[in-house]
Amino acid sequence: MVDTQLEKRGIRDRRVLSAMLEIPREEFVPLESRLFAYQDAPIPIGEGQTISQPYMTALMAESLELRGSESVLEVGAGCGYAAAVLGELAARVTTLEIVPGLARQARENLRRTGRDRNVQVVHGDGSVGYAQGAPYDAITVAAGAPDVPAALVEQLNDPGVLVIPVGAMDDQELRVITLRDGHVESRVPTLCRFVPLRGGEGWK
Ligand code: SAH
């Protein structure tokens with residue numbers, strides 16, 4: 001996976017590549033999907049949700065430019081896989097999940113794989129962020145938003161990076177928004193297709 005799906009497509013950050021070698025992805029997908037855990041595609045994880053394609057998880061993690069000391073917010077824990085990868089790359093991760101059954105599953109997967117030391121799963125609506133832990137050096141959103149929620153920009157540290165899919169319900173652009181010295185810059189490394197962001201600042 002790391003060689004053919006990630007390095008060949010241009011993922012360069014050695015820390016991201018080794019985190020993805022380290023985290024056992026098969027431990028995060030449902031039992032019946034274990035055989036397909038390393039395939040080049042999203043996989044259903046129940047409740048109509050999916051675990052992202054490995055390349056997308058790597059690209060988003062790389063875009064955050066983590067060095068190890070950061071506090072990270074993830075919106076959309078799903079099964080907890082991306083949170084585990086981020087936990088390898090940063091000091092602290094808080095991940096929000098709106099579906100209670102998935103929040104439980106993510107918590108359980110992180111505990112079983114020994115990744116719960118610096119990764120906290122919170123059941124709640126992450127479309128408005130999580131003010132209790134703000135500011136965050138990096139914020140990543142694993143569901144497609146109609147617009148960039150203002151609360152997420154407000155909860156970003158300066159300097160900080162926010163990665164978020166924005167656009168229509170079934171097809172978005174991945175935006176990488178960088179805040180530095182009060183100045184905001186945005187780039188779009190790729191188009192993408194995420195499940196819809198729900199909640200107050202998501203799709204009604
Ligand atoms: N991070 C996961 C992918 C999760 S898929 C991975 O490791 O691959 C997106 C998740 O976002 C789904 O579980 C969905 O339930 C959740 N979600 C959607 N809207 C949300 C919101 N407003 N707050 C928190 N979670 C949300």
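Description of the structure in this document.

1. Comments concerning the state of the cysteines
Phase 1: Evaluated as defined, the whole model comprises zero disulfides.
Phase 2: Cysteine Cys192 shares no disulfide, and the gap to the nearest cysteine sulfur, in Cys79, comes to 18 Å.
Phase 3: By relative accessible area, which is 8% here, Cys192 ends up buried.

2. So, the environment of Ala90
Phase 1: Note that Ala90 resides in the loop between helix H4 (81–89) and strand S4 (92–97).
Phase 2: With relative accessibility at 6%, the residue Ala90 sits in the buried group.
Phase 3: Between the C-alpha atom of Ala90 and that of Arg193, which follows or precedes it by 103 residues, the distance is 26 Å.
Phase 4: For Ala90, the residues in contact, after removing those within four places along its chain, are Leu66, Gly68, Glu70, Val72 and Asn118.

3. Some points on the site of the ligand
Phase 1: Within the structure, the ligand sits among 25 residues, and Ser52, Glu97, Asp125, Gly126 and Arg198 are positioned closest to it.
Phase 2: Within the contact set of the ligand, a nitrogen atom lies 3.2 Å away from a backbone nitrogen or oxygen of Ile98.
Phase 3: Contact between the ligand and Arg198: a nitrogen atom at 2.8 Å from a main-chain N or O atom of the residue.
Phase 4: Here the ligand loses 99% of its free accessible area of 580 Å² to cover by the protein chains.

4. Looking at the layout of surface pockets
Phase 1: What the largest pocket holds in volume is close to 680 Å³.
Phase 2: The wall of the largest pocket is formed by 42 residues, among which Thr50, Ser52, Ala142, Ala143 and Phe194 lie closest to the centre.
Phase 3: Going through the elements one at a time, strand S2 (49–51), helix H3 (54–63), strand S3 (71–75), H4 and S4 are the ones with two or more residues in the lining of the largest pocket.
Phase 4: Among the residues making up the lining of the largest pocket, the classes are represented as 25 nonpolar, twelve polar and five charged.
Phase 5: Quantified by volume, the second largest pocket comes out at close to 360 Å³.
Phase 6: Lining the second largest pocket are 18 residues, with Pro159, Gly160, Val161, Thr178 and Arg180 sitting closest to its centre.
Phase 7: Elements supplying a minimum of two residues to the lining of the second largest pocket: strand S6 (136–141), strand S7 (156–168), strand S8 (171–180) and strand S9 (183–192).
Phase 8: Grouping the constituent residues of the lining of the second largest pocket by class yields seven nonpolar, five polar and six charged.

Criteria and thresholds
- Residues numbered from 1 in each chain as written.
- Predicted model: local features only at pLDDT ≥ 70, side-chain atom pairs only at ≥ 80, totals over all residues.
- Heavy atoms only, no water.
- Disulfide = S-S within 2.5 Å.
- Buried < 20%, exposed > 50% of the residue type's maximum accessible area, 1.4 Å probe, protein only.
- Helix = DSSP H or I, 4+ residues; strand = E, 2+ residues; numbered from the N terminus.
- Contact = heavy atoms within 4.5 Å.
- Near = heavy atom within 4 Å.
- Polar contact = N/O pair within 3.5 Å; in protein donor to acceptor, adjacent residues only side chain to side chain.
- Areas by Shrake-Rupley, 256 points an atom, 1.4 Å probe, with all protein chains shown as cover.
- 1 Å grid on protein atoms, 1.4 Å probe; cavity = no way out; pocket = protein on both sides within 12 Å on 5 of 7 lines; lining within 4 Å.
- Points joined across faces, edges and corners; volume = space filled by probe spheres on them.
- Nonpolar A, V, L, I, M, F, W, Y, C, P; charged D, E, K, R; others polar.

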